[in-house]
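The chain contents come next:
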Amino acid sequence: MRVVELKYMMLHQVWQLGVKDMKAVPLPRPRAAPKRRAWILAVAAFIFIALAWAYLYSPPHYTSPVRDWLPGRLPAEPARELTDEERASRVVFRQILTTPPVRSKNSKIAFMFLTPGTLPFERLWEKFFEGHEGRYTIYIHASREKPEHVSPIFVGREIHSEKVTWGKISMVDAERRLLANALQDIDNQHFVLLSDSCVPLHNFDYVYDYLMGANLSFIDCFYDPGPHGNFRYSQNMLPEVTETDFRKGSQWFSVKRQHALMIIADSLYYTKFKLHCRPGMEDGRNCYADEHYLPTVFHMMDPDGIANWSVTHVDWSEGKWHPKAYRAKDVTFDLLKNMTSIDMNHHVTSDSKKVVTEKPCLWNGAKRPCYLFARKFYPESINNLLTLFANYTLI
């Protein structure tokens, strides 16, 4: 109403001044009322906050089309021009990650055993698998000798295997060989790598629900500036792998089908680690591909798709080249139950600072126990494990 009155007064002034003076008299611009501007700003702010919240905190199993093209969801383009090999690799990885996984009416977990020969805990694993036929498959990579089986469920589960040397790329070759065989079964939706010294910490139903219901793959990955971390990096990995991208982690992974496909599809980064991450490199450095290859590749290509810890418990507290191993006398109910209750994962840098990083193990955003399996157990502990199994695996 006030705006109309102002216009009327100005028109009256113009009429009195005459045509000659009309250009000198500025007409007032209508302005939005302060309340209306505030309302518009409030609505805009609400829309922005709602979109940001939906993007950052969407449900675990929901993939928004918006997230597929927003910056940062997939690998950022480096400032330099990509090589032909990098461009091709990124196309393949992007296609795998954005293609909806094939749905199976009978989803199974592939249990992949990397062993030199006979599996000493077959009777324990048989007890773990009992009554769950059709929900799991077993694959055995025996690198030295054909295993002798005491459990029928392991008979005929060996794949074609090659020699494996500790610390060399042949360890990664064996992992990829296991995955390639397991991926042939379309019902295999999750893939767990285990050693001959691994044992289950929970019953099958708990493990199945934990892995099948998770929205991430469990690949250990952290930054270690020390001699057992980034000191192992070689400049020969440039330009595709920079030192800032180099990561470390446990080799014992558990991955979803899409990530398993990425691992066997990769050629570029695998070759970099095959050539430039090995024992006895220049300057006295010893690089072990099984500790660095997967953590580095997934940190670069899909950092939001991994949990940054392994579901296999390993105790490195003794500070030796190998983790703590458990004799028969060490295997007690309290030991095993303590392992099942750990809900924080931690990493320690190998430099003089010994920086400790502790984070909660988040399963779809909720804090849960970290570990489903554990190593490293001596064969002599089998009887204790069998006796305790029914008790320590209770949920």
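These lines cover the structure that appears in this document, whether it is placed above or below. Just so it is clear, the structure is predicted and the values come from calculations on it, not from any experiment.

## Section: the packing of helix H5 (residues 122-129) against helix H12 (residues 382-392)
Next up, step 1: Two elements in contact, H5 and H12, have axes separated by 9 Å at closest approach and are oriented at 15°. As judged from the angle between their axes, H5 and H12 are roughly parallel. Taken as a pair, H5 and H12 cross one another with a handedness that is right-handed. Residues Arg 123, Leu 124, Lys 127 and Phe 128 of H5 form the contact with H12, whose own contacting residues are Ile 382, Asn 383, Leu 385, Leu 386, Phe 389 and Tyr 392.
Next up, step 2: Of the residues belonging to the contact of H5 with H12, the class tally is seven nonpolar, one polar and two charged.

## A look at the sheet that holds strand S13 (residues 373-374)
Next up, step 1: The three strands lie next to each other as S4-S13-S8, forming an open sheet whose pairing is mixed. Because the sheet does not close on itself, it has two edges, and the strands there are strand S4 (199-200) and strand S8 (312-313).
Next up, step 2: Relative to S13, S8 runs parallel, the two sharing two bridges. Among the inter-strand pairings, Thr 312 is bridged to a residue of S13, identified as Phe 373.

## Side note on the packing of aromatic side chains
Next up, step 1: If you walk through the whole model with that rule in mind, you get 27 aromatic pairs.
Next up, step 2: With a centroid separation of 6.5 Å and 25° between ring planes, the pair formed by Phe 93 and Tyr 269 is classed as stacked. In this pair, Phe 93 is assigned in helix H4 (residues 84-98) and Tyr 269 in helix H9 (residues 268-276), connecting sequence segments 176 residues apart.
Next up, step 3: Assessed through its relative accessible area of 2%, Phe 93 is described here as buried.
Next up, step 4: Put simply, the rings of Phe 111, Phe 113, Trp 125, Phe 128, Phe 129, Tyr 136, Phe 154, Phe 204, Tyr 208 and Phe 373 pair up and form one aromatic cluster.
Next up, step 5: It is Arg 368 that lies over the ring of Trp 363; its NZ or CZ is 4.6 Å from the centre.

## Regarding the state of the cysteines
Next up, step 1: Enumeration over the complete set of coordinates arrives at two disulfides.
Next up, step 2: Between the sulfur atoms of Cys 277 and its disulfide partner Cys 287 the distance amounts to 1.9 Å. The S-S bond linking Cys 277 to Cys 287 shows a torsion near -80°; that makes this disulfide left-handed. You can see Cys 277 sitting in the loop between H9 and helix H10 (289-301) and its partner Cys 287 sitting in the loop between H9 and H10, a full 10 residues away along the chain. Neither residue differs from the other here; Cys 277 and Cys 287 are each classed as buried.
Next up, step 3: Between the sulfur atoms of Cys 361 and its disulfide mate Cys 370 the distance is 1.8 Å. Between Cys 361 and Cys 370, the S-S torsion sits near 95°, and that sign places the bridge as right-handed. Exposure class is identical for Cys 361 and Cys 370. Each is buried.

## What to know about H4
Next up, step 1: Across its 15 residues, H4 extends 21 Å between first and last C-alpha, which sits within 8% of the 21 Å expected from 1.5 Å per residue.
Next up, step 2: Along H4, the positions that sit buried rather than exposed are Glu 86, Ser 89, Arg 90, Phe 93, Ile 96 and Leu 97. Angularly, the buried residues of H4 cover 130° about the axis, an arc narrow enough to put them on a single face. Opposite the buried face of H4, at more than 90 degrees from it, the exposed residues are Asp 84, Val 91 and Gln 95.
Next up, step 3: Taken together, the buried residues of H4 touch helix H8 (257-265), H9 and H10.

## With respect to the pattern of salt bridges
Pairing is possible between side chains of opposite charge, provided their charged atoms come close.
Next up, step 1: Throughout the structure, instances matching the rule amount to 11 salt bridges.
Next up, step 2: The partner of Arg 135 in a salt bridge is Asp 205, with the nearest N and O atoms 2.9 Å apart. Of this pair, Arg 135 sits in the loop between H5 and strand S2 (136-142) while Asp 205 is found in helix H7 (residues 204-213), placing the two residues 70 residues apart along the sequence.
Next up, step 3: A salt bridge links Arg 285 to Glu 282, with the nearest nitrogen and oxygen atoms 2.9 Å apart.
Next up, step 4: Given the relative accessible area of 11%, Arg 285 is considered buried.
Next up, step 5: Overall, Glu 282 belongs to the partly exposed group, its relative accessible area being 33%.
Next up, step 6: Among the charged side chains, a network of salt bridges with common partners joins Glu 282, Asp 283 and Arg 285.

Conventions adopted
Residues numbered from 1 in each chain as written. Predicted model: local features only at pLDDT ≥ 70, side-chain atom pairs only at ≥ 80, totals over all residues. Heavy atoms only, no water. Axes fitted to C-alpha atoms, helices over the stretch in contact; angles between N-to-C directions. Helix = DSSP H or I, 4+ residues; strand = E, 2+ residues; numbered from the N terminus. Parallel < 35°, antiparallel > 145°, perpendicular 65-115°, else oblique. Left-handed = near helix turned anticlockwise from the far one by under 90°. Contact = heavy atoms within 4.5 Å. Nonpolar A, V, L, I, M, F, W, Y, C, P; charged D, E, K, R; others polar. Pairing = 2+ DSSP bridges. Phe/Tyr/Trp six-rings, centres within 6.5 Å; stacked < 30°, edge-to-face > 60°. Buried < 20%, exposed > 50% of the residue type's maximum accessible area, 1.4 Å probe, protein only. Lys NZ or Arg CZ within 6 Å of the ring centre and 35° of its normal. Disulfide = S-S within 2.5 Å. Expected span 1.5 Å × (residues − 1). Arc of directions from axis to C-beta. Salt bridge = Lys/Arg side-chain N within 4 Å of Asp/Glu carboxyl O.

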